[in-house]
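Summary of the model geometry
Okay, here's what each chain looks like letter by letter:
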Amino acid sequence: MRIGLLTGGGDCPGLNAVIRAIGRKGIVQYKDELIGLKNGWAGLMYLNHINLVRKNLSGILHLGGTILGSSRTNPEKEEGGYERAIANFKKLELDALIVIGGNDTLSVAQKMHEMGVPIVGVPKTIDNDICATDMTFGFDTAVSIATEAIDRLHTTAESHHRCMVVEVMGRHAGWIATYSGIAGGADFVLIPEEPCTVDDIIEVVKGRMARGKLFSIIVVAEGATLLEPGVIAQSREIDDFGNVRLGGIGDGLARVLEKRTGIESRAVVLGHVQRGGTPTAYDRVLGSKYGVAAIDMVHNGEFGMMTSLQGTKVRAVPILDGIKESKTVDKETYEVAKVFFE
Ligand code: F6P
């Protein structure tokens, strides 16, 4: 078969493991021809592509990012964008397309599938907010990076008797904040799913002071909100998929905490550091499992489906089930983090 492959949306550690696995099984076992579309949907819309051969796939397993490049280009934003993408799919004489992406990229994949393109999806995001799969690859790496940062911030916070506010990624879901908060021993974790007041956080900080703990670590997801308006100043820039470019809650919170507790406070924004660099072993394994499953799904004709982790097994589920909403942090997990807010 002649199969197109693209990576769309924010990059994520483990993407190259998926590409390598698709390539190795596709080229070696199925004798497929693989066409790598560059920079997400832009590659299909503007015909920017490369032939993926074994040489391209060598030495990439441990590399962060994606050898295919990525973008947030959305065919929907261009008049006749879908028609153009479909015409190019035919022009390239592709038999199928494997789309590796998050909610936005997979929504386009679903639409294209409904328009008759044979598509298999692979869920990807450090945010872990895609439904119908237990976990997305990239999340484990992001949590490890954030945890290491929190560990480092602990010692400097303690030496200077400061309150450190660590802002991590997570637009609609606070998975990275909750997991790294638990792993790093955070004193408070603020996530979009569980808005609170500044007083809730101050109570914890003051409680610690009363016990002689003159420092605190507060982890906050970039998309979190406080119940009081006016504390957060966030950018209003919008990308092609209508997502607001977030950032700023950490800084706003640090200022308010300093003002209202008298404790010197600092904000640290981890930002894209969480998305860069080498994937953990877990993400390399999950990416490899997803890649092998995706190429098998193409050959089984399981179109309109995406790979999904269920326990330790990878299964095929409808893309529609994955993208219907954002998978948010469950109460049970957040309750674990909350035990340590005191
Ligand atoms: O990949 C998803 C994500 O990590 C979000 O948590 C974050 O808001 C967004 O990407 C930022 O991405 P970019 O700056 O590349 O648009």
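Cut-off values and rules
Residues numbered from 1 in each chain as written. Predicted model: local features only at pLDDT ≥ 70, side-chain atom pairs only at ≥ 80, totals over all residues. Heavy atoms only, no water. Helix = DSSP H or I, 4+ residues; strand = E, 2+ residues; numbered from the N terminus. Rg over C-alpha atoms; globule rule 2.2 N^0.38 Å. Buried < 20%, exposed > 50% of the residue type's maximum accessible area, 1.4 Å probe, protein only. Contact = heavy atoms within 4.5 Å. Areas by Shrake-Rupley, 256 points an atom, 1.4 Å probe, with all protein chains shown as cover. Lys, Arg positive; Asp, Glu negative; His and termini not counted. Charge placed at Lys NZ, Arg CZ, Asp CG, Glu CD. Phe/Tyr/Trp six-rings, centres within 6.5 Å; stacked < 30°, edge-to-face > 60°. Core = buried A, V, L, I, M, F, W, Y, C linked by side-chain atoms within 4.5 Å. Domains from an automatic or database assignment.

1. Points about the overall build of the protein
Tallying secondary structure elements over the protein gives 11 helices and 11 strands in all. Its C-alpha radius of gyration of 21 Å places the protein within 12% of the 20 Å reference for a compact globule of 342 residues. Within the protein, the fraction of its 342 residues that count as buried is 55%. Long-range pairs, those at least 24 residues apart, make up 75% of the contacts in the protein with a sequence separation of at least 6. Within the structure as shown, the protein displays about 14200 Å² of accessible surface, and the carbon and sulfur contribution to it stands at 51%. Averaging the coordinates of the 37 positive side-chain charges in the protein and doing the same for the 42 negative ones gives two points 5 Å apart.

2. Thoughts on the packing of aromatic side chains
Tallied over the full model, the rule gives 5 aromatic pairs. Their ring planes at 75° and their centres at 6.1 Å tell us that Phe137 and Tyr290 sit as a pair that is edge-to-face. Taken as a pair, Phe137 in the loop between β5 (119–123) and α5 (139–160) and Tyr290 in helix α9 (residues 281–300) lie far apart in primary sequence, 153 residues in all. These aromatic residues form a ring-pair network of at least three members: Phe139, Trp175 and Tyr179.

3. Quick notes on the nonpolar core
In this structure, Ile98, Ile100 and Ile201 are the most contacted members of the largest nonpolar core, which totals 76 residues. Residues from two domains meet in this core; each of domain 1 (2–137 + 279–323) and domain 2 (141–276) gives at least three. In contact with Ile98, not counting residues within four places along its chain, are Ile3, Gly4, Leu5, Leu6, Ile22, Val120, Val122, Ala294, Ile295 and Val298. Counting 26 residues, the second largest nonpolar core, distinct from the first, contains Ile35, Leu97, Val108 and Ile323.

4. Thoughts on the side chain of Gln110
With respect to the helices and strands, the residue Gln110 is situated in helix α4 (residues 103–114). Those residues within four positions of Gln110 in sequence are excluded, and the remaining contacts are Gly304, Ile319, Leu320 and Ile323.

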